[in-house]
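Spelled out from the first residue to the last, the chains are:
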Amino acid sequence: MEFPQQQKSAGDAKITYPPGVKEITDKISNDEVVRRLKMVVKTYMDMDQDSEEEKQQYLALALHLASEFFLRNPNKDVRLLVACCLADIFRIYAPEAPYTSHDKLKDIFLFITRQLKGLEDTKSPQFNRYFYLLENLAWVKSYNICFELEDCNEIFIQLFKTLFSVINHNQKVQMHMLDLMSSIIMEGDGVTQELLDTILINLIPAHKNLNKQAYDLAKTLLKRTVQTIETCIANFFNQVLVMGKSSVSDLSEHVFDLIQELFSIDPLLLVSVMPQLEFKLKSNDGEERLAVVRLLAKLFGVKDSELATQNRPLWQCFLGRFNDIHVPVRLECVKFASHCLMNHPDLAKDLTEFLKVRSHDPEEAIRHDVIVTIINAGKKDLNLVNDQLLGFVRERMLDKRWRVRKEAMMGLAQLYKKYCLHHEAGKESAQKISWIKDKLLHIYYQNSIDDKLLVEKIFAQYMVPHSLETEEKMKCLYYLYACLDTNAVKALNEMWKCQNMLRGLVRELLDLHKLPTSEANNAAMFGKLMTIAKNLPDPGKAQDFMKKFNQVLGEDEKLRVQLEQLISPTCSCKQAELCVREITRKLTFPKQPTNPFLEMVKFLLERIAPVHIDSEAISALVKLLNKSIEGTADDDDEGVTPDTAIRAGLELLKVLSFTHPTSFHSSETYESLLQCLKMEDEKVAEAAIQIFRNTGHKIESELPQIRSTLIPILHQKAKRGTPHQAKQAVHCIHAIFHNKEVQLAQIFEPLSRSLNGDVPEQLITPLVSLGHISMLAPDQFASPMKSIVANFIVKDLLMNDRLSGNRNGKLWTSDDEVSPEVLAKVQAIKLLVRWLLGMKNNQSKSANSTLRLLSAMLVSEGDLTEQKKISKSDMSRLRLSAGCAIMKLAQEPCYHDIITPEQFQLCGLVLNDECYQVRQIFAQKLHVALVKLVLPLEYLAVFALCAKDPVKERRAHARQCLLKNISVRREYIKQNPVSQEKLLSLLPEYVVPYMIHLLAHDPDFTKPQDFEQLIAIKECLWFMLEVLMVKNENNSHAFLRKMVESIKQTKDAQAPDDPKANEKLYIVCEVALFVIVNKSTTCHLDCPKDPLLPGKFFTPPDKVTIFPVNTKLITGCSFICMWKCSSLIMIYSGLCMRRKIMVRVQEMDGIIWVPLTTCQEVESHTEKGMTPNPSAATPPLTKPRRGRPPKALSNPGGVAAEKAGGASTGAAGRGRKRAAPAQDQASEPASGKIPKEQDEAKKGPQRQMDLQR
């Protein structure tokens, strides 16, 4: 049905409505308006651009629809329909809109924009019309008409804000929005800052999290318009970053967040921005640099980022921030490195050098984060970290800060467990970090108890996880032990030893709880608690917690029972876990957020609980050993040869036999060990014998079949085995058999009858067995041994050189190259010592004879017969044996008393032997005996002679030995109340009299007036006194001064009537005073305690002063002291106040004393002829001396060959102290020289300057 078209006026023109549509005015209802508009919308929808007639016909209607009535209509349905009509009108009349007024166009587009808000509700009944509106606008690009408007930016901003606010999940909606906005950006003349802000604001994290769809829309829009919008973005960042115009945008404070987002969208958006960041990296503001570094860390570190390769200048500038002066900047750089290593392995090379520097950063947090960075990358993929980076972590295991050390150790332990234990990346990766196990165990050598506890924890959780089943756990331990280096093995052995010692202490503490309460019992408990506390972290707090724990033990009997079961030798690993859990549960109440007392007890329980070794574990280890012997084990797969596995397995069992002897007591274990005794490997058999010795105390009573098999094997080893096997066999018989006298006699008698000096290679094992038998059973074999010693050992063996030695001129050769005759002589010397140590008395004067023999061997330089048949290397061996023998005898009180001062001096001078190996071995044995407190205190003085050692490493080692010994003695005195008499043998300060006496009798100290000799004496004194005087404990400096002054009131007991000997003694005392005064500012204080001097070395002090005590020296003046008969000047200098007054020269007891006021006076004395020509030759002493000859001029080439065992060609005479050039002393600042005084440093003769060092 056709309706006549109705025409109404619109202004001057008449409005033509579509057929059926009546006039739309404000006088009809809203519903009617909506009904009529729908028909209008339908009409416009059906029209196209080619309908020229209709376009002209409905032009007035189009203008009418843009009137205020429609644009401001309160009904939203009306507004929506009008907007749809207007959109179609723009489509139909395109490219020219029917609206010519710019204001009208603006109102129309703002109106349409407001209607687009209806897109927000996708469930609205009108959503399809809103979608049609958007689709129409986007398809026609209607908003492009606005480009001609002056204030089009306002329209676009409103449009963009509206679209970002109403975006939803509808993909078509997003597509049309994107088309609409991208056309505006790409076809316009540019993007204003305000419009750019409407896009970028959606990238800010806060907005991004609130409206993810808007973020995605902005992201896609930027990607599509990158070519156009990049210039606008660059301009924005340029103004903010370079020009500092933060007012250009409200987003200025979010520039770094925006850069990060834009980079993730498309790096091309920031092509022009990146150079601006390089400028910001060099800002003077630390916080600004930090912000830029954080940003770039994200840009460089993000996966698939190519920024580092595309922009090398920026990358290099960023790397420079690793060395930034601002700590947070360096910290941020280090944190970035972790992501970079994981996401960009190709950049690891660039980062390595910078991480190396930061691993030594003064800031603890930075060093810590370097470790975290490397370890995190390594845990993700071991190939991400190179050996250098892992090396930085290894270095930090020795960091001065506990937090850093702990992180490094735990990190490496985690890598080891992941790649070596679980083999998550194959054998190649495991091999790459195979060093970790050794380095971790090496930390056990550190003094810190925290380090030791952490190593124990790492071992129990990462290296051999205690949570594994027994077979798997022991397999882990078996092959770990086989792969460890020597030092790591020693550390692991020490760890088990310390844990066993702590178990013993707890066991003794529990035993004390069983005794009645008494003061003595309480004191004993206190001592045990203090010792236990020293083995726990923070010993100060540990003492208080251990006292509390002891109190709880006294009150709770069930707790004591649990603890006794835990430390019982029969406790299994599973029982240990239950005991620890039960003890912890009892101590947990009342529950607290942090319970430091409970934590400390846990540390103790972790150390004493047997989480690895029990009877079942030992059986598993023995089965593994059997498989290696049979060739059915996985030795090759584990990277060790069967021989290595067998030897290491026996060594492991040997160590465990000391700490867990009860766990070995089974027939199966002993049967396997018997098989090992029959193997050809000497080390394996030796270890097996030692295991029997340590664990077989019940074999005779409970395992007779093992006993019957073991006895003949032990007899055979004692008679024809290696020396070590023979020793262990004799000790094994003595330890496990009740009829040991019969067994030892069956070995002793045939061996004593078969001794034949003509076949020395067959003598070594018999001599070892006879020596140990005589030591273990002296009552039975002392008498028979006396005749063997007198008739065979001394006369036939030691005093008889049958063969000529090798004349290669070397001072030392390997054990394989030593002649059998010399090896036999060495064992003969050891036999003499063992025989005497067994007797422990000198009733037969055998000890005196032996000491004279040993002294003669030292005097003759090892060639006792002086027939010159023995080679130099063999003589070195014999000198070493003789010196060690005297030192061994000195450990027995009855023999120490008869060792004369001369013999003591000869023994000590072995430390200055010309052979490097002799000095090295003797020093090590000396240190071990001293640190165990079994060697008298005077032998500590021998270390003073090490100041003359030409090898720097030997001097450093000697200093460490001194520090350790002094520390051990001081600690012993603190922990144990000792009597005054015993204090003389323990207090380290009492070593000074022995040292002074030893140096006074130094064979190199022949001329008391010789300048070089006095310098050498001073160096030796300083070597010891520097360590002694590190702390002034209990006014010890004044005590030392008083002790030295007391010596000056005595005479040398070795030669009391020899003025030359006493003169040397007093001169050494004066030099010692000189050193003490220069070292200490408190030595002048009063010391009420009178030092006691050893009567063996010094006569009782006379009432009359024997040697003038220089009181002015003590009070701080300096002197020149000259002897009338001297050829050189000796200078004593304190840290003095100089007195510029003339003092008359005084003469006293043949000594000239001149107060030294200035260096000029020293020069004047020299000019007056008081200092003769130092190059004047002095006739050598013609009187023959015992012991080491004087030091001769040496050849610099002598030291170079010394360690290799070669002879020092430039030295005449045996036993010289230094083979190095004399300049060595002057060039060694490490010897602790006394500083020169400033005004003497540039003036005065060089001799005087040197002496002031």
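As a reminder, the structure under discussion sits directly above these lines.
All residue numbers here refer to positions counted from 1 along the written sequence of the relevant chain. Per-residue local features of the predicted model are confined to residues with pLDDT of at least 70, and side-chain atom pairs are confined, for both listing and counting, to 80 or more; whole-chain, interface and lining totals are unaffected and use all residues. By convention in this description, side-chain values take in all heavy atoms of the structure and omit both hydrogens and water.

Visitor: How should a positive patch on the surface be read in this particular structure?
Guide: Together, Lys497, Lys727, Lys830, Lys888, Lys925 and Lys932 make up a positively charged patch on the protein surface. Numbering of helices and strands runs from the N terminus; a helix is a DSSP stretch of H or I covering at least four residues, while a strand is a stretch of E covering at least two. You can see Lys830 is positioned in helix α44 (residues 820-839). Distance thresholds for patches are 9 Å for like charges and 5 Å for nonpolar side chains (Val, Leu, Ile, Met, Phe, Trp, Tyr), applied to residues having over 30% relative accessible area and no salt bridge. Here the accessible surface of atoms and residues is derived via Shrake-Rupley with a 1.4 Å probe, and residues count as covered only by protein chains that are part of the display. The term salt bridge refers to a pairing of a side-chain nitrogen on Lys or Arg with a carboxyl oxygen on Asp or Glu at a separation within 4 Å. Note on charges: Lys and Arg go in the positive column, Asp and Glu in the negative column, and His and the chain ends are not counted at all. Charge coordinates come from a single atom per side chain, which is NZ of Lys, CZ of Arg, CG of Asp or CD of Glu.

Visitor: Looking at this structure, how should I read the environment of Glu364?
Guide: Mapped onto the secondary structure, Glu364 falls in helix α21 (residues 364-380). Here the term buried applies to any residue with accessible area under 20% of the maximum for its type, exposed to any over 50%, and partly exposed to those in between, with areas from a 1.4 Å probe on protein chains only. In this structure Glu364 comes out as partly exposed when scored by relative accessible area, which is 25%. Residues Glu364 and Arg403, spaced 39 residues apart in sequence, show a C-alpha to C-alpha distance of 8.2 Å. Those residues in contact with Glu364 that sit more than four places away from it in its chain are Arg401, Arg403 and Val404. For this analysis, residues touch if any pair of their heavy atoms sits within 4.5 Å.

Visitor: Whenever I open this one, the packing of helix α31 (residues 557-566) against helix α32 (residues 573-588) confuses me. Can you help?
Guide: When two helices pack together, you describe them by how their axes are tilted relative to each other and by the distance separating the axes. Fitted lines through C-alpha atoms serve as axes, helices being fitted only where they are in contact, and the angles separating the N-to-C directions of these axes extend from 0 to 180 degrees. Two elements in contact, α31 and α32, have axes whose closest approach is 9 Å; the angle formed by their N-to-C orientations is 155 degrees. In terms of orientation, α31 lies roughly antiparallel with respect to α32. When you trace α31 past α32, the crossing you get is left-handed. Residue-level contacts link Lys558, Leu559, Gln562, Leu563, Gln565 and Leu566 of α31 to Gln575, Ala576, Cys579, Val580, Glu582, Ile583, Lys586 and Leu587 of α32. Here the angle decides the label: under 35 degrees means roughly parallel, over 145 means roughly antiparallel, 65 to 115 means roughly perpendicular, and every other value means oblique. Crossing handedness is defined as follows: a turn of the near helix away from the far one that is anticlockwise and smaller than a right angle gives a left-handed crossing, while the clockwise case is right-handed.

Visitor: Mind showing me how you'd approach the pattern of salt bridges here?
Guide: Once their charged atoms are close, side chains differing in charge can pair, the charge on each being opposite to the other. Tallying each qualifying case throughout the model produces 48 salt bridges. For Lys514, the salt bridge identified is with Asp511, shortest N-O distance 3.9 Å. A salt bridge links Asp758 to Arg802, with the nearest nitrogen and oxygen atoms 3.0 Å apart. Of this pair, Asp758 sits in the loop between α41 (740-753) and α42 (764-776) while Arg802 is found in the loop between α43 (778-798) and α44, placing the two residues 44 residues apart along the sequence.

Visitor: Is there a simple way to explain the packing of aromatic side chains in this structure?
Guide: Think of a pair of aromatic rings as described by two things: how far the centres are apart, and how the planes are tilted against each other in angle. Within 6.5 Å between ring centres, the rings of Phe, Tyr and Trp (the latter by its six-membered ring) count as paired, and their orientation is classed by plane angle as stacked under 30 degrees, edge-to-face over 60, tilted in between. Taken as a whole and judged by the stated rule, the model has 21 aromatic pairs. Measuring from ring centre to ring centre gives 5.7 Å for Phe322 and Phe354, while their planes differ by 40 degrees; the resulting arrangement is tilted. With Phe322 in the loop between α18 (312-320) and α19 (327-343) and Phe354 in helix α20 (residues 348-358), the pair connects residues that are 32 residues apart, well separated along the chain. Measuring from centroid to centroid gives 5.0 Å for Phe904 and Tyr939, while their planes differ by 85 degrees, and the two rings are edge-to-face. One end of the pair, Phe904, is in helix α48 (residues 901-908); the other, Tyr939, is in the loop between α49 (916-931) and α50 (952-975), with 35 residues separating them in the sequence. For Phe904, a relative accessible area of 3% translates into the label buried.

Visitor: What is the right way to look at the packing of α19 against α20 in this model?
Guide: Where α19 contacts α20, the two axes come as close as 11 Å, and the packing angle between them is 145 degrees. Handedness of the α19/α20 crossing: left-handed. Contacts between α19 and α20 involve Arg330, Val334, Phe336, Ala337, Cys340 and Leu341 from the first element and Ala348, Leu351, Leu355 and Arg358 from the second. Residue polarity is assigned by list, with Asp, Glu, Lys and Arg as charged and Ala, Val, Leu, Ile, Met, Phe, Trp, Tyr, Cys and Pro as nonpolar; anything else, Gly included, falls into the polar class. Split into classes, the residues belonging to the contact of α19 with α20 amount to eight nonpolar, no polar and two charged.

Visitor: I would appreciate a short explanation of the nonpolar core in the present structure.
Guide: The tendency in soluble globular proteins is for nonpolar side chains to be buried as a group. Grouped together as the largest cluster of nonpolar side chains are 362 residues, with contacts concentrated most on Tyr44, Leu86, Tyr143, Phe237 and Phe943. In this structure, Leu86 is in contact with Leu65, Ala66, Leu71, Tyr99, Ile108, Phe111 and Ile112, ignoring residues within four places of it in sequence. Take the buried Ala, Val, Leu, Ile, Met, Phe, Trp, Tyr and Cys residues and link them wherever side-chain atoms come within 4.5 Å; each set so joined is a nonpolar core. Counting residues in each nonpolar core, the second largest holds 35 residues, with Leu502, Leu512, Leu553 and Cys571 among its members.

Visitor: Sorry, what's going on with the side chain of Ser1046 here?
Guide: The residue Ser1046 is located in helix α54 (residues 1036-1047) in this model. Ser1046 sits in the buried class, given a relative accessible area of 18%. Ser1046 has contacts with Pro1091 and Leu1093, leaving out every residue within four places of it along the chain.

Structural measurements only, silent on function.
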